[in-house]
Amino acid sequence: MSSNNVKIEESWKTVLNDEFQQSYFTEIKNYLSNEKKNGQTIYPPGSLIFNAFDSIPFEKVKVVIIGQDPYHGPNQAHGLCFSVMDGVPAPPSLDNIFKELKTDIGMATPLSGNLQKWADQGVFLLNACLTVRAHHANSHKDIGWHKFTDAVIRKLSDERKGIVFLLWGGFAKKKAKLIDELNHYVLTSGHPSPLSANRGYWFGNKHFSKTNELLEKQGLTPINWNALNE
């Protein structure tokens, strides 16, 4: 898994080339290789680990949503945070995202929890950790991925302008220190997980309509969140 064989859109290879050459990235690659040699199942599948990157060129990112780590059940994770593959029921956090979309912009609940149509419009759905061992949440949080994805956030902050960063929950909010708020927009709220949402920290944040207002203010095309129903 180097910049030469990672399935990732070309602009990201250029932007992240220095990171791919770092020793910590070699350690990530070796760790995943050893997991597989030991018979462990890793999610998402290898070809989808960088799906968030492969979906949008670096210069086309408009919105960033930060998740923690991939779903660890079969046929769920496909490289986009909060998203699941077609045919898989929406997990509780995603269900609460859809509920907020309904109250915020009147969007009907989609039949699929696959958020690829958002990614294709410039919504960068980044998990801070890009892999997980099957059935073991956060099992790869210490293998180096956080160093890599922190570098990704810094690159977006330093080399782009006007991106809307959506930081949901305590973990994501800690990433605010990587973002230049003079050049970007940062919206924060509680996490959409039931524990947080049911305490009143998620519902009513109106992040989806607010995001579009901020994009339109810059003369950019808003995100068609309802594309999931089209």
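Further up the page is the structure itself.
Residues numbered from 1 in each chain as written. Predicted model: local features only at pLDDT ≥ 70, side-chain atom pairs only at ≥ 80, totals over all residues. Heavy atoms only, no water.

Caption draft 1: Molecular detail of helix α5 (residues 92-105). Spanning 14 residues, α5 covers 20 Å between terminal C-alpha atoms, matching the ideal 20 Å at 1.5 Å per step. When we look at burial in α5, the residues that qualify are S93, L94, N96, I97, F98, E100, L101 and D104. Backbone geometry just after α5 places G106 at a positive phi near 75°. (Helix = DSSP H or I, 4+ residues; strand = E, 2+ residues; numbered from the N terminus. Expected span 1.5 Å × (residues − 1). Buried < 20%, exposed > 50% of the residue type's maximum accessible area, 1.4 Å probe, protein only.)

Caption draft 2: View of the side chain of S193. Within the secondary structure, S193 is located in the loop between β6 (185-189) and α9 (194-197). Setting aside its immediate chain neighbours within four residues, S193 contacts S93 and N96. (Contact = heavy atoms within 4.5 Å.)

Caption draft 3: View of unusual backbone geometry. Residue P44 is bonded to the preceding Y43 through a cis peptide linkage, with omega at -10°. Residue position: P44 is located in the loop between β1 (42-43) and α4 (51-55). If you check the backbone angles, F82 has positive phi at about 70° while not being a glycine. Structurally, the position occupied by F82 is in the loop between β2 (63-67) and α5. What makes F82 buried here is its relative accessible area of 10%. At K206, a position not held by glycine, the phi torsion is positive, near 55°. Topologically, K206 is positioned in the loop between α9 and α10 (207-217). Classification of K206 as partly exposed rests on a relative accessible area of 39%.

Caption draft 4: The sheet that holds β2, seen in detail. Read across the open sheet, the four strands follow the order β3-β2-β5-β6; overall the sheet is parallel. Each edge of the open sheet is held by one strand with a lone partner, namely β3 (123-127) and β6. Across the sheet, the mean angle from the axis of one strand to that of its neighbour is 20°, orientation sign disregarded. The pairing of strand β5 (residues 164-168) with β6 spans five bridges and is classified as parallel. Looking at β6, one finds that L166 is bridged to L187. Where helix α7 (residues 145-159) meets the sheet, its contacts fall on β2, β3 and β5, and the angle it forms with β3 comes to roughly 155°. (Pairing = 2+ DSSP bridges. Axes fitted to C-alpha atoms, helices over the stretch in contact; angles between N-to-C directions.)

Caption draft 5: How the structure looks around the packing of aromatic side chains. Applying the stated criterion to the full structure yields 20 aromatic pairs. The interplanar angle of 90° and the centroid separation of 5.2 Å between the aromatic rings of W12 and F58 together place this pair among those described as edge-to-face. Remark: F58 occurs in the loop between α4 and β2 and W12 occurs in helix α1 (residues 10-15); sequence separation between them is 46 residues. The residues W12 and F58 share a single accessibility class, namely buried. (Phe/Tyr/Trp six-rings, centres within 6.5 Å; stacked < 30°, edge-to-face > 60°.)

Caption draft 6: View of the nonpolar core. With 71 residues, the main nonpolar core has W12, F50, F53, F124, W145, F148 and L156 as its most contacted residues. Leave out the neighbours within four places in its chain, and L156 touches W12, F58, V61, V64, F124, I163, F165 and H184. (Core = buried A, V, L, I, M, F, W, Y, C linked by side-chain atoms within 4.5 Å.)

Caption draft 7: Looking closely at the packing of α5 against α10. Where α5 meets α10, the axes come as close as 8 Å, and the angle between the chain directions of the two elements is 60°. Contacts between α5 and α10 pair I97, E100, L101, D104 and I105 from the former with H207, F208 and S209 from the latter. The class makeup of the residues in the contact of α5 with α10 is four nonpolar, two polar and two charged. (Nonpolar A, V, L, I, M, F, W, Y, C, P; charged D, E, K, R; others polar.)

Caption draft 8: Inspection of the packing of helix α3 (residues 23-37) against α7 at higher detail. Viewed as axis vectors pointing N to C, α3 and α7 meet at an angle of 130°, and their least axial separation amounts to 9 Å. Between α3 and α7, the angle falls in the class oblique. Between α3 and α7 lies a crossing whose hand is left-handed. Of α7, the residues touching α3 (which contributes Y24, F25, I28 and L32) are W145, K147 and F148. For the contact of α3 with α7, the residue count by class is six nonpolar, no polar and one charged. (Parallel < 35°, antiparallel > 145°, perpendicular 65-115°, else oblique. Left-handed = near helix turned anticlockwise from the far one by under 90°.)

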